[in-house]
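The residues making up each chain are set out below.
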Amino acid sequence: MIFQFLRLEMLKLSRSSSFGRSLAVALFLGLVGLLLLSYVFLLGISLPYLLNNFFEGEESVTVLNRYLIYFFLFEIIYRYFIQSLPVLDLENWLHHPVKKRFIINFLLGKSFVSPLNIIVILLFLPITVMEIAPTYGTVQAFQWFGFLVMLSWSLHYLVMWFKQSYDDSIWSIVMLAVVMILSSGANYMGWFDIGVVVQPVFELALANIFLFILGILLFMGSYYIAFYFYRRHAYVEDLTSEEDIKFGNQSIGFFNRFGMAGEYANLEWKLIIRHKKSRTYLNLAGFFLLYGLIFYTNDAGYVPGETFPYLWVFVGSFITGIFVLQYGQLFLSWNSANFDFFLSRKDGVEELVKGKYLLFASICLLCLLLSVPYVYFGWDILLIHVVMFVFNLGVIMHLVIWFSLYKPKPMDLNKGAMFNYEGVGMAQFLMIIPMMVAPYIIFLPVAAIWGPYTGLAALGIIGLTGILGFKKLAAISVNRIVSNKYEISSAFRQEL
């Protein structure tokens, strides 16, 4: 039966209308994945030397045990955003005369075959063989290594269960953010060091095989939790029923002041809230508000009132404009299912573009307001965020939308965002360039001559000019859509 399932999976892929494109994307991602895994393995080989050089006078194993908890916290984050769920596959199999237990076991086993599950092996196996085994003995080294592997593999099913239970809701993002803030913030504020607190657990794994056995039991328990969850919810009506999304039918009253453009902005907002892929981008925009903690906590090169690290310009642009970059890169693809409706209405395309601009500007403003607490690290950070907010509205937003109009493609809004390349073309991969380069094209020359604050002033003036010239700049995008409306409409009718 297992081989029959595998054969049907291969037939499903080969018979798809987009088989050629999917195969090309899979090969490209496979090569990228191999490259990234090779980097992880090289890091694992270099880990003993890095620990010995950066922490002289301490045993590398002791240092590693102190920081292992941060690796697992980071693993929870990247598993949450990257790891896929087997729900769609489960829905396809339920109507077949096959035992539900076998279907769920097959899909859970299939999901386990993932590059994410060998990262822990590639990273920690070299130091186990090169450093720990000669010092503590082979048995002790591999029981410690086995404990790490079991913890990592347990997270595979626990994160799967967590994602499915909360269905990528905003509360799941909030819980992850709270965990990260408490763990890193407590260390930064000097309350306690979570690495030191958890360190004895990993040291005990080196001395006692009991924890390795406990890790195996944890892995089996996590598998059972995921199995029981899918077994209890493995009904077609549960998997295909409409989601009960709070605020999914509520409009934003502020938009009603802008006429038809405001109505379209409200429709776009409801689209974001109701669909998984768009909601994921909104959640990511909230999560990336924490991006500044990586850079602003390191004040090297920062002299208040005189200078600041130039990298902060990109960080400010990223924090206040990440939603525009992620959601805006698929500017028309979000409306691929009903694009003909906008074409059939008088000024429908123009009002749609204005409505999207209005929504983008509102979410960017919300990101700016939520980033105000970064003023704790310096008033210059707030100044940078305000300037980059204006520059994003006046310049970056128009650049992103202009790039996104190059051969837009249809997509299914109900699929997740991670490793889903529907609607994505070469223009979307290149779109990060304007966000990174455009501010520095203006800022660096001016800052080199008159100083960084004059550079910020130049960015603000150009951004404000773009806001004042909104109608003419928006007309460029509208005219491009109208002139290619038949080509775009034909592309949106293609089968995914």
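Residues numbered from 1 in each chain as written. Predicted model: local features only at pLDDT ≥ 70, side-chain atom pairs only at ≥ 80, totals over all residues. Heavy atoms only, no water.

1. A word on the overall build of the protein
Here is step 1 of the chain: Along its length, the protein carries 23 helices and 0 strands.
Here is step 2 of the chain: Going through the 496 residues of the protein one by one, you find that 46% of them count as buried.
Here is step 3 of the chain: Pairs at least 24 residues apart make up 81% of the contacts formed inside the protein by residues separated by at least 6 positions. (Helix = DSSP H or I, 4+ residues; strand = E, 2+ residues; numbered from the N terminus. Buried < 20%, exposed > 50% of the residue type's maximum accessible area, 1.4 Å probe, protein only. Contact = heavy atoms within 4.5 Å.)

2. Notes on the side chain of Glu351
Here is step 1 of the chain: Residue position: Glu351 is located in helix α17 (residues 348-370).
Here is step 2 of the chain: An unpaired buried charge is present at Glu351: no salt bridge exists, and Lys354, the closest side chain of opposite charge, is 4.6 Å distant.
Here is step 3 of the chain: A polar contact of 3.2 Å, which involves the side chain of Glu351, links it to the backbone nitrogen of Ala261.
Here is step 4 of the chain: In contact with Glu351, not counting residues within four places along its chain, are Met260, Ala261 and Tyr264. (Lys, Arg positive; Asp, Glu negative; His and termini not counted. Salt bridge = Lys/Arg side-chain N within 4 Å of Asp/Glu carboxyl O. Polar contact = N/O pair within 3.5 Å; in protein donor to acceptor, adjacent residues only side chain to side chain.)

3. Here's the deal with the pattern of salt bridges
Here is step 1 of the chain: Tallying each qualifying case throughout the model produces 4 salt bridges.
Here is step 2 of the chain: We note a salt bridge from Glu58 to Arg66, for which the minimum N-O separation is 3.2 Å.
Here is step 3 of the chain: For Glu58, a relative accessible area of 35% puts it in the partly exposed group.

4. What to know about the packing of aromatic side chains
Here is step 1 of the chain: Going through the model one piece at a time under the given rule, you end up with 31 aromatic pairs.
Here is step 2 of the chain: Seen from their ring centres, Tyr296 and Tyr374 are 5.1 Å apart, and the 75 degrees between their planes marks the pair as edge-to-face. Separated by 78 residues along the polypeptide, Tyr296 in helix α14 (residues 292-296) and Tyr374 in the loop between α17 and α18 (379-404) bring together distant segments of the chain. Both residues of the pair, Tyr296 and Tyr374, count as buried.
Here is step 3 of the chain: The interplanar angle of 80 degrees and the centroid separation of 5.5 Å between the aromatic rings of Phe308 and Tyr453 together place this pair among those described as edge-to-face. Separated by 145 residues along the polypeptide, Phe308 in the loop between α14 and α15 (311-328) and Tyr453 in helix α21 (residues 452-468) bring together distant segments of the chain.
Here is step 4 of the chain: Over the face of the ring belonging to Trp402 we find Arg480, whose NZ or CZ atom lies 4.6 Å from the ring centre. (Phe/Tyr/Trp six-rings, centres within 6.5 Å; stacked < 30°, edge-to-face > 60°. Lys NZ or Arg CZ within 6 Å of the ring centre and 35° of its normal.)

5. Concerning the packing of helix α3 (residues 60-82) against helix α6 (residues 119-136)
Here is step 1 of the chain: α6 packs onto α3 with a crossing angle of 170 degrees between their chain directions and a minimal axis gap of 13 Å. By the angle between their directions, the pair α3 and α6 is classed as roughly antiparallel. Contacts between α3 and α6 involve Ser60, Val61, Leu64, Leu68, Phe71 and Tyr78 from the first element and Ile119, Val120, Leu123, Phe124, Ile127, Glu131, Ile132 and Tyr136 from the second.
Here is step 2 of the chain: When the residues that make up the contact of α3 with α6 are grouped by side-chain class, the tally is 12 nonpolar, 1 polar and 1 charged. (Axes fitted to C-alpha atoms, helices over the stretch in contact; angles between N-to-C directions. Parallel < 35°, antiparallel > 145°, perpendicular 65-115°, else oblique. Nonpolar A, V, L, I, M, F, W, Y, C, P; charged D, E, K, R; others polar.)

6. Here we look at the nonpolar core
Here is step 1 of the chain: The biggest cluster of nonpolar side chains holds 79 residues, and the ones touching the most others in it are Leu332, Leu459 and Ile481.
Here is step 2 of the chain: Among the elements that make up this core, the one with the highest residue count is α18 (13 residues).
Here is step 3 of the chain: Residues contacting Ile481, with those up to four places away along its chain left out, are Phe331, Leu332, Phe339, Val349, Val353, Leu405 and Ile488.
Here is step 4 of the chain: Of all hydrophobic cores here, the second largest spans 46 residues; its members include Leu51, Ile127, Ala133 and Tyr157. (Core = buried A, V, L, I, M, F, W, Y, C linked by side-chain atoms within 4.5 Å.)

7. Digging into α15
Here is step 1 of the chain: Spanning 18 residues, α15 covers 23 Å between terminal C-alpha atoms, matching the ideal 26 Å at 1.5 Å per step.
Here is step 2 of the chain: By the largest-angle criterion, Gly321 marks the main kink of α15, which is about 70 degrees.
Here is step 3 of the chain: Burial within α15 is extensive, with 17 of its 18 residues counted as buried. (Expected span 1.5 Å × (residues − 1). Bend = angle between axes of the 7 residues up to and from the residue.)

8. Re the confidence of the model for the protein
Here is step 1 of the chain: Mean pLDDT for the protein: 79, with 78% of residues reaching 70 or above.
Here is step 2 of the chain: The secondary structure element of the protein with the lowest average pLDDT is helix α11 (residues 236-240), at 53, and the one with the highest is α21, at 91. (pLDDT = per-residue confidence, 0-100.)

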